[in-house]
Amino acid sequence: MAPSPALRCCKRALNWIPVLFINLVVAWSYYAYVVELCVYTIPINAERSKCYLVIFHAFLAIFIWSYWKTIWSKPASPSIAFALPRAEKELYEKEQRAEMQQEILKRVAKNLPIYTRTAGGAIRYCDFCQLIKPDRCHHCSTCEMCVLKMDHHCPWVNNCVGFSNYKFFVLFLAYATLYCVVICATVVQYFIKFWTKELPDTHAKFHILFLFFVAALFFISIVSLFSYHLWLVGKNRTTIEAFRAPVFANGPDKNGFSLGFKRNLVEVFGDQAKNWIFPVFSSQGDGHSFVTRLVHIDPEQVNSILQQNGKMWDRTWHHNNTVVMTTNTPQRLCRLQQSEAQGI
Ligand SMILES: [Zn+2]
Ligand SMILES: [Zn+2]
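Residues numbered from 1 in each chain as written. Chains lettered and ligands numbered in written order. Predicted model: local features only at pLDDT ≥ 70, side-chain atom pairs only at ≥ 80, totals over all residues.

> What am I meant to see in the overall build of the chain here?
Of regular secondary structure, the chain possesses ten helices and eleven strands. Counting all 344 residues of the chain, 31% fall into the buried class. For the chain, contacts bridging at least 24 residues in sequence account for 58% of all contacts bridging at least 6. (Helix = DSSP H or I, 4+ residues; strand = E, 2+ residues; numbered from the N terminus. Buried ≥ 20, exposed ≤ 12 C-beta atoms within 10 Å, placed from the backbone. Contact = placed C-beta atoms within 7 Å.)

> Explain the confidence of the model for the chain to me, please; I cannot follow it from the model alone.
If pLDDT is low for a region, its predicted coordinates should not be looked at in detail. Residues of the chain with pLDDT of at least 70 account for 84%, and the chain-wide mean is 85. Confidence drops under pLDDT 50 across residues 296–300; counting only partners more than four residues distant or on other chains, this segment forms seven contacts. Long-range and interchain partners of residues 305–344, a stretch whose pLDDT sits below 50, account for 70 contacts in this model, where long-range means more than four residues apart. (pLDDT = per-residue confidence, 0-100.)

> Please clarify how the packing of helix α4 (residues 86–94) against helix α5 (residues 98–109) should be interpreted in this entry.
Between two packed helices, the angle of one axis relative to the other and the distance separating the axes together describe the packing. Between α4 and α5, the least distance of the axes is 9 Å, while the angle of their chain directions is 165°. One element, α4, and the other, α5, form an angle in the roughly antiparallel class. Classified by chirality, the crossing of α5 by α4 is left-handed. Contacts from E88, L91 and Y92 in α4 reach Q101, I104 and V108 in α5. (Axes fitted to C-alpha atoms, helices over the stretch in contact; angles between N-to-C directions. Parallel < 35°, antiparallel > 145°, perpendicular 65-115°, else oblique. Left-handed = near helix turned anticlockwise from the far one by under 90°.)

> What is the right way to read the nonpolar core from this model?
Buried together is how nonpolar side chains tend to be arranged in soluble globular proteins. If you look at the biggest cluster of nonpolar residues, it comprises 52 residues, and the most contacted ones within it are I132, F172, I208 and L211. Element by element, the count of residues in this core is highest for helix α6 (residues 166–195), at 15 residues. Ignoring any residue separated from it by four or fewer positions in sequence, one finds L211 in contact with S29, A32, Y33, I183 and V187. (Core = buried A, V, L, I, M, F, W, Y, C linked by C-beta atoms within 7 Å.)

In structure tokens form, the structure reads like this:
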């Protein structure tokens, strides 16, 4: 039985508690650093205090910016092209036999750039959203939708981390780590002075001792998560794929989407180095299909896909054994690797 609207509303409100907690910790760290450290402990007009305030605010600003973008980027869902056409949908719903339903899905999927299957070799179909799942797409039960290149649902940002915000999420972890490093590195000398009673017992003492402990604790937990995600980016895997390898026509392969370290990095951060450090969207592709080193389709099939999707795909070119099919908008880029493409 579906939960009542009041219960769903209550659940949605409770989901914001971890975000509220993070915001309260950041707000308190701001007060402790700016007021208790830079105003009361180091005299505000001292050069050191001014220098600390400039560095602190620069890192805080970019940390908040990337956190904000991770929270508020709407998860990307599959386009209408992945929904069953009306006639097929009616047939699918009437059909009781699973193998016949699969035949319907196979017929529709033939026209789509889909190369991964379920562990049993079936076309991946979402019964909730009633669509064929693009490669790397998964249904999130918290967001109640299919999310493109879903990585995981993160309670600390109360959002799905996926194609639309994965770059922001990695930057959020990077800047959260740096924010903790800046605090620890500048507070440590005052921490020692308070600890050894070189500085008098004032109300600042509690805040500064606690600020160092909290920043060190957050640093340890965030840096391990950040390192793990850097490793995932380098391998071109999502968290889901790290636990369960995607299944291709020739079986599961955890490296199926890996194109080498540099290209993997470019797929998430984009090919313009100037965009890498800022939380602006620069990931490549449209999230519906990904270059894979495992797909070997014959030239006839490429032509047939292009013809059947005449409206959707309007251009092709070949580059390093890769057939690229793209729409007329740069955001909706779809690429298919094809090993014998030169002959087309
Ligand atoms: Zn779904
Ligand atoms: Zn989600």
